[in-house]
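Residue strings, one per chain:
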Amino acid sequence: MKNRQIIRMLTLTTCLLATVALAGPIAHLENDSSPPITPSSPDKCLTVWCQEPANLFGIESQISANPPEVVTQIADFVPATDEAITMMKWWGGVMQGAGPVDSFVITFFRSAGCTGPSGEAIYVRSIPSWSEVDLGEGTIEYTATFSAVPMDAGENYWVSVQALMDIDPGGYWVWHSAELELCPAMAKAPSYGILDWTQVFPFIFPDVPELVERAFCLYTDGAVTTVAVPWGSLKACYR
């Protein structure tokens, strides 16, 4: 296992820092830290929270059966509205393989502050289909709608995005980075001995401050938490 991890980490890119080779999940590090230009946010949806990519750094967040590996990245947010989240945009890409990603899993947790989630997940959404925009430089912008996730305005939550894809032969899916807004992003990675929620920076990758936060945006179509979301409203978000 140790030799397999060493090989993975050393073959990422020529700019991978030796000091983090055994620190944790697969990381994608770039010399050019300028993020690609991203399309504008959907104008028919209300923004609940948004932190766009700040650089070209990314870190593995994936569920793989071959070989068995689960790496979970989480980032926190505070919704600006009580209206339910019905759409998410996030940024990442596949490395050391051609994919494709089979599906995504988006998970929401209540927060216990910067120590991580308070208890188990409160909402889990399986994402079998989504739209993609290739921004170049190994960055894909993903957008998906899903059944409503109720929110309490002003409360703190954590959200996770994981790709369901076998490492062999698909490769690694990495979630790209953003500027720090609230608490530093955290991870669990049992394959690497990281059994509890741990801050990616400065604890897992102490020499890579660019990995401090993940890039994502959350939207609502205006449906209140107690009303079922009509399909027509969902479609309006991505027309």
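Everything quoted here is computed from the prediction, not taken from an experiment.

Cut-offs used in this document
Residues numbered from 1 in each chain as written. Predicted model: local features only at pLDDT ≥ 70, side-chain atom pairs only at ≥ 80, totals over all residues. Heavy atoms only, no water. Helix = DSSP H or I, 4+ residues; strand = E, 2+ residues; numbered from the N terminus. Core = buried A, V, L, I, M, F, W, Y, C linked by side-chain atoms within 4.5 Å. Buried < 20%, exposed > 50% of the residue type's maximum accessible area, 1.4 Å probe, protein only. Contact = heavy atoms within 4.5 Å. Pairing = 2+ DSSP bridges. Phe/Tyr/Trp six-rings, centres within 6.5 Å; stacked < 30°, edge-to-face > 60°.

Caption draft 1: Local environment of unusual backbone geometry. In the segment running from asparagine 66 into proline 67, the intervening peptide bond is cis, with an omega of -5 degrees. As for its position among the elements, proline 67 is in the loop between β4 (62–65) and β5 (68–77). Residue proline 202 is reached from phenylalanine 201 by a cis peptide bond, and omega for that bond is 20 degrees. Mapping proline 202 onto the fold places it in helix α3 (residues 200–204). A positive phi angle, near 55 degrees, is found at glutamine 96, a position not held by glycine.

Caption draft 2: Up close: the nonpolar core. Within the largest apolar cluster, 27 residues are counted, with the highest numbers of intra-cluster contacts made by Phe77, Trp90, Phe108, Trp173 and Phe216. Per element, the largest residue contribution to this core is five residues, and it comes from strand β10 (residues 139–149). Each residue touching phenylalanine 108, except ones within four places of it in the same chain, is listed here: Phe77, Ile85, Ala121, Ile122, Tyr123, Phe146, Val149, Met151, Trp158, Val159 and Leu218. Counting residues in each nonpolar core, the second largest holds 18 residues, with Ala187, Val200, Ile204 and Leu211 among its members.

Caption draft 3: How the structure looks around the pairing of β4. By the alternation rule, side chains of β4 split into Gln62 and Ser64, which are all buried, and Ile63 and Ala65, of which none is buried. Alignment of β4 against β5, held across four bridges, turns out to be antiparallel. Bridge pairing links alanine 65 to proline 68 in β5. Remark: two residues form the turn of the hairpin made by β4 and β5, two consecutive strands paired antiparallel.

Caption draft 4: Summary view of the packing of aromatic side chains. Counted according to the given criterion, the structure contains 12 aromatic pairs. Their ring planes at 75 degrees and their centres at 5.1 Å tell us that tryptophan 90 and phenylalanine 104 sit as a pair that is edge-to-face. Of this pair, tryptophan 90 sits in strand β6 (residues 85–95) while phenylalanine 104 is found in strand β7 (residues 103–110), placing the two residues 14 residues apart along the sequence. An identical accessibility class is assigned to tryptophan 90 and phenylalanine 104; each is buried. Judged by centre distance (4.8 Å) and plane angle (75 degrees), the ring pair of phenylalanine 104 and tryptophan 130 falls under edge-to-face. Highlighted residues: phenylalanine 104 in strand β7 and tryptophan 130 in the loop between β8 (123–127) and β9 (131–136), separated in sequence by 26 residues. Here the aromatic cluster, defined as three or more aromatic residues joined through ring pairs, consists of Phe77, Phe108, Phe146, Tyr157, Trp175 and Phe216.

Caption draft 5: The environment of alanine 163, seen in detail. Summarising the element assignment, alanine 163 is placed in strand β11 (residues 157–164). Alanine 163 sits in the buried class, given a relative accessible area of 0%. With residues up to four places along the chain from it excluded, the contact list for alanine 163 reads Ser61, Gln62, Ile63, Val101, Ser103, Phe104 and Trp173.

Caption draft 6: Expanded view of the environment of isoleucine 167. Along the chain, the position of isoleucine 167 falls in helix α2 (residues 167–170). In this structure isoleucine 167 comes out as buried when scored by relative accessible area, which is 9%. For isoleucine 167, the residues in contact, after removing those within four places along its chain, are Glu60, Gln62, Ser64, Asn66, Pro67, Glu69 and Tyr172.

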